[in-house]
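Architecture and fold: a report
Given next are the chains, with one letter for each unit.
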Amino acid sequence: MSYTKFVSAFIRANPGNFGKIRISPARCRSTVASTKSQEEKEQQIDGCTVVEAVPVELISETKNVKNTQLHKIHIDFDNTEEAYKSKGNIELLRSLLVFKLCTFDFLVEKNKELMDLSKKLFGQWMFEKLMKMTFYGQFVAGEDHNSIKPLIQKNQAFGVGAVLDYSVEEDLTQEEAEKKEMDSCVSEAEKESPGADHREKKYKAHRQFGDRRGGVISARTYFYADENKCDNQMETFINCIRASGGASADGFSAIKMTALGRPQFLLQFSEVLVKWRQFFNFLAAQQGKSDMMVLEQKLELEQLKESLTEMGVGAKDDIENWFTGEKLGSSGTIDLLDWNSLINDTTKISNLLMVPNLETGHLEPLLNKFTAEEERQMKRMLQRVDVLAKHAVENGVRLMVDAEQTYFQPAISRLTLEMQRKFNREKPIIFNTYQCYLKEAYDNVTVDVELSRREGWYFGAKLVRGAYMYQERDRAKEIGYEDPINPDYEATNRMYHKCLEYVLEEIEHSRKANIMVATHNEDTVKFTLEKMNEMGLSPTENKVYFGQLLGMCDQISFPLGQAGFPVYKYVPYGPVNEVIPYLSRRAQENRGFMKGSQRERSLLWTELRRRLLGGQIFYKPVY
């Protein structure tokens, strides 16, 4: 199903009867991964030989990589002169001060209260000055599109691009956040008849976890108020896209789906995708294929038809028609991607929010009814996503769709894939985000890469470790479903490198995949460079990007940028008072980061001493 048809399916829906919404043939594909995972092989993370970066030859997409001789790229992450040449001495001192303050538990835990007190004591003008000299100046680029330009231009002069991110957030109390979440995640049908539906508890709103900011330190959180607010947030994203296009020729802009509509839809659509995936797993188990890797599970077509007929899922003729068209089943088997394409408008099973009951074998509506207003809200959310993608294309900007909680993520990934199908035909415009602390991360990546291969569009991904670990674990334990998070940090590292290596191999194979390695982990960056050297991937091909947050890990970002790698800083901006929630999280994240590693502070001191002893007391970057 094309993205346009997907949107129009909602527009055509009859008010009050959402079950009549239908999906066009052979196009609805889920990204929900199997709970089964392949045995993970250990990845050895070696350090790299430290030599000066040397020029590399550009590899054409049509060349045979194996026959191309390249000089290997090695980056010296201990060379402080290269790492901090874009920073003046005052900036180095500010970094040292801020990072030191982040190690004091009392200051971090009470940072919000201390900032409020400072504002009262010093007044607004002096408070803003102090913030710009410390936390705001370290982690935020400026107050608006114009004020951030000097920093962006300076970073670009040293090889570092920008992912613009307007970081203004509502300053809500916990009670206000919980009320907004419950109001926006519970349908009218659920309010009228609680417990009368077939919803799973993971995909229902729970008041004790209504404040989605809890336990989250590195991601913005949006709460739904009304449709006007979503329109305003869409306009903010549009302004961000335009600013990114005006600031550079190859910039990124970040968006969040929860800012663009009522989260009730994301919950419901996620549950539908998961239940259809579970149904496939159930049928695979019937055929004795449950232990195979997800894309190796090929269901025997005739046996599948018999099973569906016996379960009463559809009439025999319907099931026969179900597997016609687009060569489905021509090989005598059906795999997961074929299965996902079967939610279409030719059979009874096509209703978008109809789900299979594994106990009875029958299809049932997820909810008894939807109001006309709820249907309009769903339609508008999809329209906003479409508008943003079109603006990204018009402004030459790549759109990064951030990952969110696992109970929203299947729908977010599915909608992002629809955008990729439409807009990534000639080059990568839309990038999806994969959280590697999830047990299902590798399955998600491999399924989506295979889909891009079959349909011929450019796969775009950002790999992160993840931002919601503590919240997700607490919610799973309290509500009673399987913890979706890998058991420990080492398992997450292995998952990250496993997913990364898979996408790098896809780049080596076709040159149509693209990936942003978004990490502050130096070992992961070195691992990436080693794999690129082994595969003959040149940085000048712009297939592998690196990303770090503004104000952190400059010893990684700037040496990479000056060696010719496409590297980007996530650049937050917004008025001082309105980005305080963001700054509060930065302080929280840096407490753990700085306590765990003294490396960045040590490098900063090394460079400051080098300059002072070398007579560079008034050093200013030249560019």
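It should be emphasised that the depicted structure is a prediction, and the values quoted were computed from it without experimental measurement. (Residues numbered from 1 in each chain as written. Predicted model: local features only at pLDDT ≥ 70, side-chain atom pairs only at ≥ 80, totals over all residues. Heavy atoms only, no water.)

Structural notes on the pattern of salt bridges
Just so we agree on the cut-off: In the sections that follow, a salt bridge refers to a side-chain nitrogen of Lys or Arg positioned within 4 Å of a carboxyl oxygen of Asp or Glu. Per the convention used, a helix needs a DSSP run of H or I reaching at least four residues, while a strand needs a run of E reaching at least two, with both numbered from the N terminus.
Using the criterion set out here, one finds 35 salt bridges in the structure. Between Lys-305 and Glu-302 there is a salt bridge whose closest N-O contact spans 3.7 Å. In this pair, Lys-305 and Glu-302 both sit in helix H12 (residues 301–311), 3 residues apart, roughly one turn of the helix. Taken together, the shared-partner salt bridges in this structure form one network comprising Lys-298, Asp-335, Glu-450, Arg-453, Arg-454 and Glu-506.

Comments concerning the packing of aromatic side chains
Between two aromatic rings, the relevant description is the distance of the centres plus the angle of the planes. Threshold: Working definition: a ring pair exists when centres of Phe, Tyr or Trp rings (six-membered ring for Trp) sit within 6.5 Å. Plane angles under 30 degrees give stacked, over 60 give edge-to-face, the rest tilted. Throughout, exposure labels follow a simple rule: accessible area from a 1.4 Å probe, protein chains only, divided by the maximum for the residue type, with under 20% read as buried, over 50% as exposed, and the rest as partly exposed. Note on criteria: charge over ring means Lys NZ or Arg CZ within 6 Å of the ring centre, with the direction from the centre no more than 35 degrees off the ring normal.
This structure, assessed with the given rule, holds 15 aromatic pairs. A centroid spacing of 5.2 Å and a plane angle of 80° characterise the contact between Phe-252 and Phe-431, whose relative ring orientation is edge-to-face. Taken together, the residues span a long stretch of sequence, with Phe-252 in strand S2 (residues 252–255) and Phe-431 in strand S8 (residues 430–435) at a distance of 179 residues. Judged by relative accessible area, Phe-252 falls into the buried class, the value being 0%. Residue class for Phe-431 comes out buried when judged on its relative accessible area of 0%. Between Phe-265 and Phe-269 the ring centres are 5.6 Å apart and the planes differ by 15°, which places this aromatic pair in the stacked class. Of this pair, Phe-265 and Phe-269 both sit in helix H11 (residues 263–286), separated by 4 residues, roughly a single helical turn. Both residues of the pair, Phe-265 and Phe-269, count as buried. What links up through ring pairs into an aromatic cluster is the set Phe-252, Phe-431, Tyr-545 and Tyr-568. Lys-498 extends its terminal NZ or CZ atom over the ring of Tyr-442, reaching a point 4.4 Å from the ring centre. Over the aromatic face of Tyr-458 sits the side chain of Lys-512, whose NZ or CZ is 4.8 Å from the ring centroid.

As for the sheet that holds strand S9 (residues 459–464)
Basically, it comes down to this: Pairing between two strands requires that DSSP report at least two bridges joining them. Helix axes are fitted to C-alpha atoms over the stretch in contact, other axes to C-alpha atoms as well, and angles between N-to-C directions run from 0 to 180 degrees. Should any heavy atoms of two residues lie within 4.5 Å, those residues are considered in contact.
Pairing is parallel in the closed barrel, where 8 strands are placed in the order S1-S2-S7-S8-S9-S10-S11-S12. Recorded for the sheet is a direction-independent mean angle of 30° between the axes of neighbouring strands. Direction of pairing for strand S1 (residues 160–166) relative to strand S12 (residues 567–573): parallel, over a ladder of 7 bridges. Counterpart to Val-160 in the pairing with S12 is Val-567. Set on the sheet, helix H17 (residues 441–455) makes contact with S8 and S9; between it and S8 the angle comes to about 155°.

Digging into the nonpolar core
Rule in force here: Here, nonpolar core refers to any group of buried Ala, Val, Leu, Ile, Met, Phe, Trp, Tyr and Cys residues whose side-chain atoms link them within 4.5 Å.
Core analysis: the biggest nonpolar cluster contains 64 residues, and Trp-339, Val-544, Phe-546, Leu-560 and Phe-565 have the highest contact counts within it. Here the element with the most residues in this core is helix H19 (residues 489–510); it accounts for 8 residues. Those residues in contact with Val-544, other than ones at most four positions away along the chain, are Leu-504, Ile-507, Ile-515, Val-517, Thr-528, Met-532, Leu-537 and Pro-566. The next biggest cluster of nonpolar side chains, apart from the first, holds 39 residues, and it includes Ala-205, Phe-237, Met-257 and Ile-430.

Comments concerning the packing of helix H15 (residues 372–394) against helix H16 (residues 409–423)
Definition in use: The scheme is simple: roughly parallel for angles under 35 degrees, roughly antiparallel for over 145, roughly perpendicular for 65 to 115, oblique for anything else. For a crossing to be left-handed, the near helix must be turned anticlockwise from the far one by less than a right angle; the clockwise case is right-handed. For this classification, Asp, Glu, Lys and Arg are treated as charged, while Ala, Val, Leu, Ile, Met, Phe, Trp, Tyr, Cys and Pro are nonpolar and the rest, including Gly, are polar.
Direction vectors running N to C along H15 and H16 enclose 40°, while the axes themselves pass 11 Å from each other. For the element pair H15 / H16, the angle class is oblique. Classified by chirality, the crossing of H16 by H15 is right-handed. On H16, the residues that touch Leu-382, Val-385, Asp-386, Ala-389, Lys-390 and Val-393 of H15 are Leu-415, Met-419, Lys-422 and Phe-423. Across the contact of H15 with H16, the residue classes break down as 7 nonpolar, no polar and 3 charged.

Let's talk about unusual backbone geometry
One non-glycine residue, Arg-511, lies in positive phi territory at about 65°. In this fold, Arg-511 is placed in the loop between H19 and strand S10 (513–518).

Observations concerning the environment of Tyr-203
One can find Tyr-203 in the loop between helix H9 (188–192) and helix H10 (227–247). We classify Tyr-203 as buried; its relative accessible area is 4%. Sequence-wise, Tyr-203 and Leu-267 are 64 residues apart; in three dimensions their C-alpha atoms are separated by 5.5 Å. The contact partners of Tyr-203, leaving out residues within four places of it in the chain, are Leu-267, Ser-270, Glu-271, Val-274, Thr-406 and Tyr-407.

Overview of the pairing of S9
Keep this limit in mind: A clockwise course of the path from the first strand over the helix to the second, judged with the strands pointing away from the viewer, identifies a crossover as right-handed.
Buried residues dominate S9, accounting for 6 of its 6 residues. Alternating residues of S9 divide into Phe-459, Ala-461 and Leu-463 and Gly-460, Lys-462 and Val-464, and every residue in both groups is buried. Where S8 lies against S9, 4 bridges are found, and the strand directions are parallel. In the sheet register, Asn-432 faces S9, and the bridge partner there is Ala-461. In this fold, the crossover linking S8 to S9 by way of H17 has right-handed handedness. Both S9 and S10 contribute to a ladder of 5 bridges, which runs parallel. Note that in S10 the partner of Lys-462 across the bridge is Met-516.

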